[in-house]
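Topology and contacts: notes
So the chains spell out like this:
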Amino acid sequence: MLNKESNDKVIKLCQDLVKVKSYSGDEKKVAEVLKDFFEEEGFDEIKIDSCGNVIGIMNGNRPGPCIVFDGHIDTVPVADINEWREDPFGAEIKDNRIYGRGTSDMKGGLSAMALAASVFAKKNNRDFPGRVIVAGIVQEELFEGVASKYICDAFRPDYVVIGEASELNLKIGQRGRAEIVIETFGTPAHSAHPEKGNNAVYSMCKVVEAINNIPLVNHPLLKQGIMVLTDIKSTPYPGSSCVPDYCRATYDRRTIVKESRESVLEPILACINELEQKDPKIKAKASYATSSNLCYTGKAVNAQKFFPAWLYNEKDEFVQACLTELKKDGFNPEIAVYDFCTNGSYYAGIKGIKTIGLGPSKENLAHTIDEYIEISQLIGAVNSYNSILNALMK
């Protein structure tokens, strides 16, 4: 268990990180705060890569596994500061809680990871196998796993710990996420003579109705796949006196394991093909959204928005090893899965690296007004991460 000095350190680091606004693409200042902490704690190697990920490494004294602790340093924006009772960048402590944007998602978890690596290395006088890597990841709120690819490629970890909020429960998987764009194409006309045009919105209505009837797969742990219409817009907009010749809709698709890029799009494309065969006025296409954003280093990151699900068996040896060690140290975590998408989509979903999730705070506090983290959860996370290191470094 932590002493008072360590308790104070993790609280202060969390506060220092929260006080720095760090929206996606603008994480430079918060990266410097984390880098300074790595220097103060005597990490053996400290790096900032081309994306701006900030990396602290503790090396053991002999060969062994490489363990990456992954925590993102970006946050979602504060939409309206006037809606907050507490200063979102004040990191004030009230009733044994730290308040502010990113406390739960996930500067608290990252703070606990950073201190846990330091405590573990010092407690063992570097007498352990392998290396412990703490990675502060950029751009996660926009692209789950895209910046983590650079960590994976550079260090080829044997294990990854995702620090997203879990109330210190052990997560062995997650649903994936995809953003699907549906487009319909028509012919413009004056709205006084709509018969001379082909209204793309009417075509979209028929496509949406057909898509709503596509059956989605259910999974005993990851639950039901989801496909939700999240926005729809026609062109021209506003459509004053014009029959729209173009319409675009976006769907948020939550996937389960074994669903691929191809298998997710296939039934949608089949729906479109059937509609086009029945009605020659309908012309439509479906594709994955693509997006790009500049990192604070100037590097551009690009992604097709398909981030796969992943799942390990609770009886897998590494899961059981972590569970046993956590219980030995007085924790009693449930084994569960995340409902949302994480950087684990790259490590586990694409690369097949053994990955677990464990983090402080409640999942449903992420992105909320007056977001906070319980200090007891923050301290518990440091101890939990040390338990995981003890399990995986054997």
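For the structure, see preceding data.
What counts as what
- Residues numbered from 1 in each chain as written.
- Predicted model: local features only at pLDDT ≥ 70, side-chain atom pairs only at ≥ 80, totals over all residues.
- Heavy atoms only, no water.
- Helix = DSSP H or I, 4+ residues; strand = E, 2+ residues; numbered from the N terminus.
- Buried < 20%, exposed > 50% of the residue type's maximum accessible area, 1.4 Å probe, protein only.
- Pairing = 2+ DSSP bridges.
- Contact = heavy atoms within 4.5 Å.
- Axes fitted to C-alpha atoms, helices over the stretch in contact; angles between N-to-C directions.
- Polar contact = N/O pair within 3.5 Å; in protein donor to acceptor, adjacent residues only side chain to side chain.
- Phe/Tyr/Trp six-rings, centres within 6.5 Å; stacked < 30°, edge-to-face > 60°.
- Lys NZ or Arg CZ within 6 Å of the ring centre and 35° of its normal.
- Arc of directions from axis to C-beta.
- Core = buried A, V, L, I, M, F, W, Y, C linked by side-chain atoms within 4.5 Å.
- Parallel < 35°, antiparallel > 145°, perpendicular 65-115°, else oblique.
- Left-handed = near helix turned anticlockwise from the far one by under 90°.
- Nonpolar A, V, L, I, M, F, W, Y, C, P; charged D, E, K, R; others polar.
- Disulfide = S-S within 2.5 Å.
- Salt bridge = Lys/Arg side-chain N within 4 Å of Asp/Glu carboxyl O.

Details of unusual backbone geometry
Cis geometry marks the peptide bond from Asp105 to Met106, where omega comes out at -15°. Checked against the element boundaries, Met106 lands in helix 3 (residues 103-123). Pro236 follows Thr235 through a cis peptide bond whose omega is 0°. Inspection of the secondary structure assignment puts Pro236 in the loop between strand 13 (226-235) and strand 14 (242-243). Within the chain, Ala91 stands out as a residue other than glycine whose phi angle is a positive 55°. Mapped onto the elements of the fold, Ala91 is located in the loop between strand 3 (62-72) and strand 4 (93-94). Of the residues examined, Ala91 reaches a relative accessible area of 1% and is grouped as buried. The phi angle at Asn96 is positive, at roughly 60°, despite the residue not being glycine. Relative to the helices and strands, Asn96 is located in the loop between strand 4 and strand 5 (97-99).

Observations concerning the sheet that holds strand 23 (residues 372-374)
Whenever strands of a sheet pair, they do so through backbone hydrogen bonds, lying parallel or antiparallel. One open sheet accounts for three strands, arranged 4-5-23; its pairing is antiparallel. Pairing within the sheet leaves two strands with one partner each, and these edge strands are strand 4 and strand 23. In this sheet, strand 23 lies alongside strand 5 in antiparallel orientation, the contact comprising three bridges. Within strand 23, the residue paired with Ile98 across the bridge is Ile373. Each of strand 4, strand 5 and strand 23 is contacted by helix 1 (residues 4-18), which is oriented at about 15° to strand 5, the strand it contacts most. Against the sheet, helix 3 engages strand 5 and strand 23, with an angle of about 45° to strand 23.

Some points on the side chain of Asp370
Structurally, the position occupied by Asp370 is in the loop between strand 22 (354-357) and strand 23. Within the structure, the side chain of Asp370 is placed 3.0 Å from the backbone nitrogen of Arg85, a separation counted as a polar contact. Leaving out residues up to four positions away in the same chain, Asp370 has contacts with Glu83, Trp84, Arg85, Glu86 and Tyr99.

Structural notes on the packing of aromatic side chains
What the rule picks out here adds up to 10 aromatic pairs. The rings of Tyr159, Trp310, Tyr312 and Phe318 are connected pair by pair, giving a single aromatic cluster. For the cation-ring pair, Arg97 lies above Tyr372, with the distance from its terminal atom to the ring centre recorded as 4.0 Å. Note that Lys149 overlies the ring of Tyr150, its terminal NZ or CZ placed 5.6 Å from the centroid.

Description of the environment of Trp310
You can see Trp310 is positioned in strand 20 (residues 310-311). Separated by 39 residues in the primary sequence, Trp310 and Gly349 have C-alpha atoms spaced 4.8 Å apart. The residues touching Trp310, leaving out its near neighbours within four places in the chain, are Lys171, Ile172, Gly173, Gln174, Val257, Thr342, Gly344, Ser345, Ala348, Gly349 and Thr355. Among the polar contacts made by the side chain of Trp310, one reaches the side chain of Gln174 at a distance of 2.9 Å.

What to know about helix 4 (residues 148-155)
Inspection of helix 4 places Ser148, Ile151, Cys152 and Phe155 among the buried residues, and these make up the whole buried set. Angular distribution of buried residues about the axis of helix 4 spans 95°; they occupy a single face of the element. Those residues of helix 4 that are buried are in contact with strand 1 (45-48), strand 2 (54-59), strand 3, strand 6 (129-137) and helix 8 (344-350). The first or second residue beyond helix 4 is Arg156, which carries a positive phi of 45°.

A few points about the nonpolar core
In terms of nonpolar packing, the biggest core is built from 93 residues, with Phe69, Val132, Val134, Tyr347 and Tyr385 touching the most fellow members. Beyond its immediate chain neighbours, meaning those up to four positions away, Tyr385 contacts Phe69, Gly109, Ala112, Met113, Ala116, Val161, Gly163, Leu358, Gly359 and Pro360. In this structure, Ala210, Cys247, Leu265 and Cys271 belong to the second largest nonpolar core, which totals 25 residues.

Quick look at the packing of helix 1 against helix 3
Between helix 1 and helix 3, whose axes approach to 9 Å, the crossing angle comes to 140°. What the angle tells us is that helix 1 and helix 3 run oblique. The crossing of helix 1 and helix 3 is right-handed. Between helix 1 and helix 3, the residues in contact are Ser6, Lys9, Val10, Leu13, Cys14, Leu17 and Val18 and Thr103, Lys107, Gly108, Ser111, Ala112, Ala114, Leu115, Val119 and Lys122, respectively.

A closer look at the packing of helix 2 (residues 28-40) against helix 3
Following both chains from N to C, one finds helix 2 and helix 3 inclined at 20°, their axes separated by 11 Å at the closest point. Regarding the angle of helix 2 to helix 3, the classification is roughly parallel. Crossing handedness for the pair helix 2 and helix 3: right-handed. Contacts between helix 2 and helix 3 involve Val30, Leu34, Phe37 and Phe38 from the first element and Lys107, Leu110, Ala114 and Leu115 from the second. The residue inventory of the contact of helix 2 with helix 3, partitioned by class, reads seven nonpolar, no polar and one charged.

A closer look at the state of the cysteines
Throughout the structure, instances matching the rule amount to zero disulfides. The thiol of Cys242 is unpaired, and the distance to the nearest cysteine sulfur, on Cys247, comes to 15 Å.

Focus: the pattern of salt bridges
Enumeration according to the criterion identifies 25 salt bridges in this entry. Here Glu179 makes a salt bridge to Lys305, at a shortest N to O gap of 3.6 Å. Of the two residues, Glu179 is situated in strand 9 (residues 176-185) and Lys305 in the loop between strand 18 (300-304) and strand 19 (306-307); the sequence distance between them amounts to 126 residues. On the accessibility criterion, Glu179 (21% relative accessible area) is partly exposed. Residues joined by salt bridges that share partners form a network here, namely Glu5, Lys9, Glu41 and Lys122.

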